[in-house]
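Listed here are the chains, written in short residue letters.
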There are 2 protein chains.
Amino acid sequence: MNQTISFQLKSPYLIFLGDVTEMIYAKTGAGIAEWCPETVVGQLRMEGCKLDLGLPDMDIAQAIEAGARSLVIGVAPAGGSSGDTWVPLLNQAAAMGLDIVSGLHSDLADIPGLTENARKSGAALINVRRAPANIPVATGSKRRGRRLLTVGTDCAVGKKYSALALTAAMNARGVNATFRATGQTGIMIAGGGIPVDSVVSDFVSGAAEMISPENHPQHWDIIEGQGSLFNPSFSGVSLGLLHGSQPDALVICHDPLRSRVSTCPDYRPPSIGVCMELNLRCARITNPDAVCVGVCVNTSGLPVSERQEYLQTLSAEVNLPCVDPVLDGCDPIVDEILKRLGN
Amino acid sequence: MNQTISFQLKSPYLIFLGDVTEMIYAKTGAGIAEWCPETVVGQLRMEGCKLDLGLPDMDIAQAIEAGARSLVIGVAPAGGSSGDTWVPLLNQAAAMGLDIVSGLHSDLADIPGLTENARKSGAALINVRRAPANIPVATGSKRRGRRLLTVGTDCAVGKKYSALALTAAMNARGVNATFRATGQTGIMIAGGGIPVDSVVSDFVSGAAEMISPENHPQHWDIIEGQGSLFNPSFSGVSLGLLHGSQPDALVICHDPLRSRVSTCPDYRPPSIGVCMELNLRCARITNPDAVCVGVCVNTSGLPVSERQEYLQTLSAEVNLPCVDPVLDGCDPIVDEILKRLGN
């Protein structure tokens, strides 16, 4: 993949936290600090910022001195800020040659002065929500390499986290595995990828084929899922990603407290068994050998005393390892992968 | 639906055939002439054009005199022409106040002089391949009115033709039915619609909800399907359209001679039974009462002597009316709809 057809971000990063006051608006920055701390030199906090990612505080000059090549906007402009207060610092960073990386809905080019400052210094303005041009139509052709896709009973049930945790667990076991990003935070963590929900619908499967290209037969791509086949708003994205990924293995992600589908309150999420059955049915159209290898559950909403019992009961029911990746890691699922699919 | 969020074309049309020499490049013009002759004043053929849609030949002044409000490009610029030879006539039409309607891949604004001529006369340049902005995310909420969606064992198996033929047959029987267009030719025939395969993937189901909005409880929307759940290139479009349409009824479209999936030669199309089963399984996520009411087969590739036997055998197999809509019309399917879903 090259820059004309997908994002390749320049690390190390300076994470910009602006003047945001609540952690909920800093999911991107927090994800980067958690999953790729080695790509981060520090955090830049403006006056009034109440967050702390536990990184060294730096201004722009210090960050450049420390090797930073990109300023990554790690927060959404909410929680008290319109983002207007950020303009001088973003301009300073661009003028001093840092690429500006954003996952905001608004366009970096609309920030007064930013385009001009970036042009003069040679810095790039990169919006990771914007899909690259020239994505081809999917061919469906079989390609070498193994692939795992995280799928869900709904949106926002831990598909990105699970893919990252699985990648880490596989690498720790000596399996050659690469996280493949399909959403904005994942792209910043991975340093590349395609925001598939921003791709024109005819090219979603093609984007999935690009994200996880042919590879060494024993190499695993661990692909971040999007949406759910059972979410009436986004199911098309999910099926295109499923067919283009041609996964050998699926991991189901689930939130046991989710009583309504996130964007569609008239709907209930499916059971894990039903979710597994339809995903396998559809996956086997492009990979007849697709199997399900485990379930990742976000148990944070359950009483601590009930979590292990919930996972054990579920595991007996679906006859697969069921873990909370945050609490337990993904080793039991890696065992299942190695047992059933070898390496 | 209004102009800011979807296409509304101004009829009557003058159909522009350029200097194209082969009928295969005039599918759009031929479709309009077949399905909505009442919206057409005539055809404009340049020197060298070898086509004839059986419409009155007119120049631009004559067409305007006859009431034309739009020039519709009814051909693709192939079959000997690059389209460059069309430039003077398109400019003349725009200068004289005709909207220019195009389904070409290239942008009308790239035709030298056209934007300026259209601006001066107040004419619009409309590319029906371009999806409108401001399509909302689908809600999945149940809405009044009945809906039928044509789905297929592959792309290009007659989903548009079948939807048009079903609409005509229902109206002829006194059922209030409206054809809903999801592709460029369909949009030109209907005078409006959304090209769903050009919509950003997150909004495909939302586009489907817009195309077939709430309506009178006895009114039928007959929605043009796109792609196929079994086509690995475009299945995401198909599922988004299926979920957003919330169809009460599905009609399967099939080409018995299609041995390979159109864009994916490594794949074979599914049997009609398998196609029906997966489409119903997925449709019932947003409409638990969805049923299949018939099969439309393109029998043109079969020997004439075998066509009726093929349809009869198939009908016994799937226990549903099976027709070739071109040869037989869709009356048996309308009977099935009225029998099973009443009106």
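Residues numbered from 1 in each chain as written. Chains lettered and ligands numbered in written order. Predicted model: local features only at pLDDT ≥ 70, side-chain atom pairs only at ≥ 80, totals over all residues. Heavy atoms only, no water.

Looking at an unreviewed UniProt entry, one finds chain A named DUF1611 domain-containing protein and attributed to Microbulbifer taiwanensis.

**Q** Please set out the interface of chain A and chain B residue by residue, giving values where relevant.
**A** Often the size quoted for an interface is simply the accessible area lost on bringing the parts together. Each partner contributes to the interface: chain A provides 38 residues, whereas chain B provides 38 residues. In total, chain A and chain B occlude about 2,900 Å² of area from one another, counting both sides; carbon and sulfur atoms represent 54% of this. At the boundary of chain A with chain B, the tally comes to two salt bridges. Two residues, E277 of chain B and R281 of chain A, come together in a salt bridge whose shortest N-O distance is 3.6 Å. Of all the elements in the fold, those that place two or more residues in the side of chain A that touches chain B are α7 (204-211), α8 (235-245) and α9 (272-286) of chain A. Looking at which element gives the most residues to the side of chain A that touches chain B, the answer is α9 of chain A, with seven residues. Its residues assigned to classes, the side of chain A that touches chain B comprises 18 nonpolar, 14 polar and six charged. (Contact = heavy atoms within 4.5 Å. Buried area = accessible area lost by both parts, 1.4 Å probe. Salt bridge = Lys/Arg side-chain N within 4 Å of Asp/Glu carboxyl O. Helix = DSSP H or I, 4+ residues; strand = E, 2+ residues; numbered from the N terminus. Nonpolar A, V, L, I, M, F, W, Y, C, P; charged D, E, K, R; others polar.)

**Q** With reference to specific residues and values, describe empty space enclosed by the protein.
**A** Across all of its chains, the model carries two cavities of 30 Å³ or more by this definition. Approximately 80 Å³ is the volume attributed to the largest cavity. Lining the largest cavity we find 14 residues, and of these L149, V151, Q226, S238 and N279 of chain B sit closest to its centre. For the lining of the largest cavity, the secondary-structure elements that each account for two or more residues are β7 (146-152) and α8 (235-245) of chain B. The greatest single-element share of the lining of the largest cavity, amounting to four residues, is contributed by β7 of chain B. Secondary structure elements with two or more residues in the lining of the second largest cavity: β7 (146-152) and α8 of chain A. (1 Å grid on protein atoms, 1.4 Å probe; cavity = no way out; pocket = protein on both sides within 12 Å on 5 of 7 lines; lining within 4 Å. Points joined across faces, edges and corners; volume = space filled by probe spheres on them.)

**Q** Tell me about the sheet that holds strand β5 (residues 99-102) of chain B, and please be specific about residues and values.
**A** All names here are of chain B. One open sheet holds the five strands; their spatial order is β3-β2-β4-β5-β6, and the pairing between them is parallel. Since the sheet does not close on itself, it has two edges, and those belong to β3 (40-45) and β6 (125-127), each with one partner. Along the sheet, successive strands turn relative to each other by an average axial angle of 20°, direction set aside. Bridge analysis of strand β4 (residues 70-73) against β5 gives three bridges, and the strand direction is parallel. Counterpart to L71 in the pairing with β5 is I100. (Pairing = 2+ DSSP bridges. Axes fitted to C-alpha atoms, helices over the stretch in contact; angles between N-to-C directions.)

**Q** Before we move on, can you summarise the relation of the copies chain A and chain B with the specific residues and values?
**A** Least-squares fitting of chain A to chain B yields an RMSD of 0.1 Å, with the transformation described by 0.0 Å of translation along the axis and a rotation of 180°. On the angle and the small slide along the axis, the relation comes out as a two-fold axis. (Least-squares fit on C-alpha atoms with pLDDT ≥ 70 in both.)

**Q** Lay out the pairing of strand β11 (residues 249-254) of chain B with the relevant residues and their values.
**A** All names here are of chain B. β11 sits mainly inside the fold: six of its six residues count as buried. Of the two faces of β11, the one lined by A249, V251 and C253 and the one lined by L250, I252 and H254 are each fully buried. Sheet analysis places β7 next to β11, joined by five bridges and oriented parallel. Considered in β11, the bridge of T150 is made with V251. Note that β11 and strand β12 (residues 291-297) share six bridges and pair parallel. (Buried < 20%, exposed > 50% of the residue type's maximum accessible area, 1.4 Å probe, protein only.)

**Q** Could you give an account of the sheet that holds strand β8 (residues 177-180) of chain A, naming the residues involved and the relevant values?
**A** All names here are of chain A. Read across the open sheet, the six strands follow the order β8-β10-β7-β11-β12-β13; overall the sheet is parallel. Looking at which strands have only one partner, the edges of the open sheet turn out to be β8 and β13 (322-323). The sheet contact formed by β7 and strand β10 (residues 220-223) spans four bridges and is parallel. Across the sheet, the residue bridging to L149 is I223, located in β10. Together, β7, β8, β10, β11 (249-254) and β12 (291-297) form the strand contacts of helix α5 (residues 159-172), whose direction differs from that of β8 by roughly 165°.

**Q** Quick rundown of the environment of P217 of chain A? Include the residues and the values.
**A** All names here are of chain A. Within the fold, P217 resides in the loop between α7 and β10. The class of P217 is partly exposed, set by a relative accessible area of 34%. In this structure, the C-alpha to C-alpha distance between P217 and T150, residues 67 residues apart in sequence, is 20 Å. What P217 contacts, discounting residues up to four positions off in sequence, is R144, G145 and R146.

**Q** So, the side chain of D255 of chain B: which residues are in play, and what are the values?
**A** All names here are of chain B. Relative to the helices and strands, D255 is located in the loop between β11 and α9 (272-286). On the basis of relative accessibility, which here comes to 15%, the residue D255 falls in the buried class. Polar contacts involving the side chain of D255 include one to the main-chain amide nitrogen of L257, which spans 2.9 Å. (Polar contact = N/O pair within 3.5 Å; in protein donor to acceptor, adjacent residues only side chain to side chain.)

**Q** Mind laying out the domain arrangement of chain A, listing which residues take part and the relevant values?
**A** Residue and element names in this part refer to chain A. The domain architecture assigned to chain A consists of domain 1 (7-127) and domain 2 (146-341). Using C-alpha coordinates to define each centre, domain 1 is positioned 29 Å away from domain 2. Facing the 17 residues of domain 1 at the interface are 13 residues of domain 2. The interface formed by domain 1 and domain 2 holds zero salt bridges in total. Taken together, the elements giving at least two residues each to the side of domain 1 that touches domain 2 come down to β1 (7-8), α1 (27-35), β4 (70-73) and β5 (99-102). Of the residues forming the side of domain 1 that touches domain 2, the biggest block, six residues, is contributed by α1. Along the lines of polarity and charge, the residues of the side of domain 1 that touches domain 2 split into ten nonpolar, five polar and two charged. (Domains from an automatic or database assignment.)

**Q** Go over the UniProt feature "domain: D-glutamate N-acetyltransferase-like C-terminal" (unreviewed entry) in chain A with me, naming the residues and quoting the values.
**A** Feature annotation in UniProt assigns "domain: D-glutamate N-acetyltransferase-like C-terminal" (unreviewed entry) to the following positions: residues 137-334 of chain A. Split by type, residues 137-334 of chain A is 39% helix and 16% strand. Its first and last C-alpha atoms lie 32 Å apart. (UniProt positions renumbered as here; feature names shortened; annotations may be inferred.)

**Q** An account of the side chain of E209 of chain A is needed here, citing residue identities and associated values.
**A** Residue and element names in this part refer to chain A. Tracing the sequence through the fold places E209 in helix α7. The charged side chain of E209 is buried without a salt bridge, its nearest counter-charge being R143 at 4.6 Å. Residue contacts for E209: discarding those within four places in its chain leaves A138, T139, G140, S141, R143, G244 and Q246. (Lys, Arg positive; Asp, Glu negative; His and termini not counted.)

**Q** Before we move on, could you go through the confidence of the model for chain A and cite the residues and values that matter?
**A** With 96% of its residues at a pLDDT of 70 or more, chain A has an overall mean of 94. Scored below 50 in pLDDT, residues 1-5 of chain A makes 13 contacts in the model with residues more than four places away or belonging to other chains. (pLDDT = per-residue confidence, 0-100.)

**Q** Quick rundown of the pairing of β5 of chain A? Include the residues and the values.
**A** All names here are of chain A. Residues D99 and V101 of β5 are buried on one face, and the alternating residues I100 and S102, pointing to the opposite face, are buried as well. Relative to strand β6 (residues 125-127), β5 is paired through three bridges, and the arrangement is parallel. In the strand pairing of β6, S102 is matched with N127. Where the polypeptide runs from β5 across helix α4 (residues 114-121) and back to β6, its parallel neighbour, the crossover connection is right-handed. (Right-handed = clockwise from strand over helix to strand, strands pointing away.)

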